[in-house]
Amino acid sequence: MRLENADTLFGAGDIAESFLEWRRWVRRPVRRLSTACSPCPCPTCGFGARETLERAVHRLPKRQARELRRLLGPLDERFLSRTVPVPSRIEHRWWACRA
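Residues numbered from 1 in each chain as written. Predicted model: local features only at pLDDT ≥ 70, side-chain atom pairs only at ≥ 80, totals over all residues. Heavy atoms only, no water.

## Describing the environment of Arg82
Next up, step 1: Structurally, Arg82 can be placed in helix 4 (residues 62-82).
Next up, step 2: Counting along the chain gives 16 residues from Arg82 to Arg98, while the straight-line C-alpha distance between them is 9.4 Å.
Next up, step 3: A distance of 2.7 Å separates the side chain of Arg82 from the backbone oxygen of Arg28, its partner in a polar contact. (Helix = DSSP H or I, 4+ residues; strand = E, 2+ residues; numbered from the N terminus. Polar contact = N/O pair within 3.5 Å; in protein donor to acceptor, adjacent residues only side chain to side chain.)

## Examining a positive patch on the surface
Next up, step 1: Together, Lys62, Arg63, Arg66 and Arg69 line one region of the surface with positive charge.
Next up, step 2: Along the chain, Arg63 falls in helix 4.
Next up, step 3: For Arg63, a relative accessible area of 67% gives the class exposed. (Patch = residues over 30% accessible without salt bridge, like charges linked within 9 Å, V, L, I, M, F, W, Y side chains within 5 Å. Areas by Shrake-Rupley, 256 points an atom, 1.4 Å probe, with all protein chains shown as cover. Salt bridge = Lys/Arg side-chain N within 4 Å of Asp/Glu carboxyl O. Lys, Arg positive; Asp, Glu negative; His and termini not counted. Charge placed at Lys NZ, Arg CZ, Asp CG, Glu CD. Buried < 20%, exposed > 50% of the residue type's maximum accessible area, 1.4 Å probe, protein only.)

## Some words on the pattern of salt bridges
Next up, step 1: In this structure the tally under the stated criterion is four salt bridges.
Next up, step 2: With its nearest N and O atoms 2.9 Å apart, the salt bridge here joins Glu54 to Arg50. Of this pair, Glu54 and Arg50 both sit in helix 3 (residues 47-59), four residues apart, which is roughly one turn of that helix.
Next up, step 3: A cluster of three or more residues bridged by salt bridges with shared partners is formed by Arg50, Glu54 and Asp76.

## Considerations on the nonpolar core
Next up, step 1: Residues Trp22, Phe47, Leu53, Leu68, Leu72 and Phe79 are the most contacted members of the largest nonpolar core, which totals 19 residues.
Next up, step 2: When residues of this core are traced back to their parent elements, those giving at least two are helix 2 (14-26), helix 3 and helix 4. (Core = buried A, V, L, I, M, F, W, Y, C linked by side-chain atoms within 4.5 Å.)

## Concerning helix 4
Since the α-helix packs 3.6 residues into each turn, any two residues three or four apart lie on the same face.
Next up, step 1: Across its 21 residues, helix 4 extends 30 Å between first and last C-alpha, which sits within 8% of the 30 Å expected from 1.5 Å per residue.
Next up, step 2: A bend of about 35° at Leu72 is the largest found in helix 4, and the proline Pro74 appears one to four places after it.
Next up, step 3: For helix 4, the set of buried residues is Ala65, Leu68, Leu72, Leu75, Asp76 and Phe79. (Expected span 1.5 Å × (residues − 1). Bend = angle between axes of the 7 residues up to and from the residue.)

## What to know about the packing of aromatic side chains
Next up, step 1: Summed over all chains, the structure comprises three aromatic pairs.
Next up, step 2: Relative to Phe47, the ring of Trp25 lies with its centre 6.1 Å away and its plane at 65°, an arrangement referred to as edge-to-face. Taken as a pair, Trp25 in helix 2 and Phe47 in helix 3 lie far apart in primary sequence, 22 residues in all. Accessibility classification places Trp25 together with Phe47 in one group, the buried group.
Next up, step 3: Ring centres of Phe47 and Phe79 lie 6.4 Å apart, and the angle between their planes is 85°; on these two criteria the pair is classed as edge-to-face. Linking Phe47 in helix 3 with Phe79 in helix 4, this pair joins segments that are 32 residues apart in sequence. (Phe/Tyr/Trp six-rings, centres within 6.5 Å; stacked < 30°, edge-to-face > 60°.)

What follows is the structure, encoded as structure tokens:
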């Protein structure tokens, strides 16, 4: 992907790898999705992958960003439907404040 070659925030294959990781994360059993609003963006919790995808959406050209959002939509909806917000923690990353 051109963005991965042009932007130093991304390495080769980062976006595809992050997409696959986020997809694996949201398909986990519900009991394993609860993170109690962990601030950790590690690859094992899925949040690091979602963070990478969010950065990509904001840096891609409009057409490619729209396509990535279209692919992320069902995954994000699944995550939202299987978790609840934790109101005690406000954060700009909506996915990090759910349990």
